[in-house]
Amino acid sequence: MTLAANNVSLGERLHNITCALRPGEITAICGPNGAGKSSLLQALAGLLPIDSGEVTLDGEPLAGHAQRAKRIGYLPQAPEIAWDVTVRSLVELGRIPHRDAAGAPVEAAIAALDLNAFEQRRAQTLSGGEQARVLLARVLAGEPEWILADEPLAALDLAHQYALIGHLRVSAGEGRGVLVVLHDLAMARNHADRVLVLDQGRLVADAAPSEALSVERIGEVWGVGTEWLGEEGKRALASA
Ligand SMILES: Nc1ncnc2c1ncn2[C@@H]1O[C@H](COP(=O)(O)OP(=O)(O)OP(=O)(O)O)[C@@H](O)[C@H]1O
């Protein structure tokens, strides 16, 4: 089971990106604003036409792949809820690719995102962070093999950030491949198995977090002097 980009290029946004995601791992995409993180995520989700190269799912072209929606769950950046439906109905929409409204995956997703108390609320009446959790629950309810999430932590308070990372870890432990865009480099260093660093549309690192996010690379790519504090797994990033 692989999801891979082979020499993917798109205008000035992506330049010859080659990478292969692995199931069972959390991979983080990091990089400055405008580096191409969302573009790469969308291309890997099969949602963004590319100029050249190819995205493949198990070696087959993803474009036009019949199982794309079932196998790849995509959570856009700062999504908005456009439908006036209950939280539960919205999470059930995650089952559309399966053409059922299977109860167990919906229940599990609602519980995982701590949404039981909101189930019957109109989704549009929730706060931004609560809505973000509902939309992620919709993705999880679809039980995709691949979870591609663009800044899923951005709107969440600390407790829900840790809960979400914990849930993504469980998903990876079940054999799913998880790819998340993260601006928080300490979150990426402490919780990802692997980090892709993008800079001006180019992949400049694809390595273990400690190597991909070395202070040297952070200096080169983000242009800031930093130092890592604390012990491995509980690192904090401070300005140097
Ligand atoms: N539809 C579009 N057409 C043309 N250029 C675009 C389009 N969408 C984004 N871009 C440009 O492509 C580049 C990469 O954008 P992208 O959203 O992938 O970056 P990002 O790394 O996710 O940024 P951020 O951290 O700010 O969310 C940016 O320069 C952006 O202005």
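The name an unreviewed UniProt entry gives the chain is ABC transporter ATP-binding protein, with Qipengyuania aurantiaca as the organism. Per its UniProt entry, the chain bears the Function (unreviewed entry) comment "Part of the ABC transporter complex HmuTUV involved in hemin import. Responsible for energy coupling to the transport system."

Our focus in this paragraph is the overall build of the chain. Counting its secondary structure elements, the chain contains nine helices and 12 strands. Compactness check: the chain gives a C-alpha radius of gyration of 18 Å against a globular reference of 18 Å for 240 residues, within 12% of the reference. Expressed along its principal axes, the backbone C-alpha trace of the chain runs to roughly 50 × 40 × 30 Å. By residue count, 49% of the 240 residues in the chain fall in the buried class. Within the chain, residue pairs in contact and separated by at least 24 positions form 64% of the contacts whose partners lie at least 6 positions apart. For the chain, the exposed surface amounts to about 10700 Å²; the carbon and sulfur share of it is 49%.

For Arg 176, the position within the fold is in the loop between α6 (158-173) and β8 (177-181). Excluding residues that lie within four positions of it along the chain, Arg 176 makes contacts with Pro 23, Gly 24, Glu 25, Glu 143, Pro 144, Glu 145, Ile 147 and Ser 171.

Right, let's talk about the layout of surface pockets for a bit. In this model, the largest pocket occupies a volume close to 300 Å³. Taken together, 17 residues form the lining of the largest pocket, with Ala 69, Ile 72, Gly 73, Tyr 74 and Pro 97 sitting closest to its centre. Breaking the lining of the largest pocket down by element, the ones donating at least two residues are α2 (68-71), β6 (72-75) and α5 (128-141). Partitioning the lining of the largest pocket into residue classes produces 11 nonpolar, three polar and three charged.

Looking now at the sheet that holds β8. Strand pairing in a sheet relies on backbone hydrogen bonds, with the paired strands running either antiparallel or parallel. The strand order across the open sheet formed by six strands is β6-β7-β8-β3-β9-β10, and the pairing between neighbours is mixed. For this open sheet the edge positions go to β6 and β10 (202-207), each flanked by a neighbour on one side alone. Sheet twist, expressed as the mean angle between neighbouring strand axes with direction ignored, is 15°. Sheet topology note: the strand β3 (residues 26-30)/strand β9 (residues 194-199) ladder contains four bridges and is parallel. Across the sheet, the residue bridging to Ile 29 is Leu 196, located in β9. Against the sheet, helix α1 (residues 37-44) makes contact with β3, β6, β7 (146-150), β8 and β9, and its axis sits at roughly 155° relative to β7, the strand it touches most.

The rules behind each value
- Along every chain, residues carry numbers that run from 1 in the direction the sequence is written.
- Per-residue local features of the predicted model are confined to residues with pLDDT of at least 70, and side-chain atom pairs are confined, for both listing and counting, to 80 or more; whole-chain, interface and lining totals are unaffected and use all residues.
- To obtain the side-chain values, all non-hydrogen atoms of the structure were used and water was disregarded.
- UniProt positions are given in the numbering used here, feature names are shortened, and annotations may be inferred rather than shown by experiment.
- A run of DSSP states H or I qualifies as a helix once it reaches four residues; a run of E qualifies as a strand once it reaches two. Both are numbered from the N-terminal end.
- Radius of gyration means the value over C-alpha atoms here, while the globule rule gives 2.2 Å times the residue count to the 0.38 power.
- When a residue's accessible area, from a 1.4 Å probe over protein chains only, is under 20% of the maximum for its type it is buried; when over 50% it is exposed; and in between it is partly exposed.
- Here a residue-residue contact requires only that any non-hydrogen atoms of the pair lie within 4.5 Å.
- A 1.4 Å probe and the Shrake-Rupley method give the accessible areas. Residues count as covered only by the protein chains that appear here.
- The distinction between a cavity and a pocket rests on a 1 Å grid over the protein atoms alone: a 1.4 Å probe fits inside a cavity but cannot get out, while a pocket stays open yet meets protein on both sides within 12 Å along at least five of seven lines, and a residue with an atom within 4 Å of a point counts as lining.
- Grid points are joined across faces, edges and corners, and a volume is the space filled by probe spheres set on the points.
- Only Asp, Glu, Lys and Arg are considered charged, only Ala, Val, Leu, Ile, Met, Phe, Trp, Tyr, Cys and Pro nonpolar, and every remaining residue, Gly among them, polar.
- Two strands pair under a simple rule: DSSP has to find at least two bridges between them.
- As a rule, the C-alpha atoms of each element are fitted with a line to give its axis, helices using only the stretch in contact, and angles between N-to-C directions run from 0 to 180 degrees.

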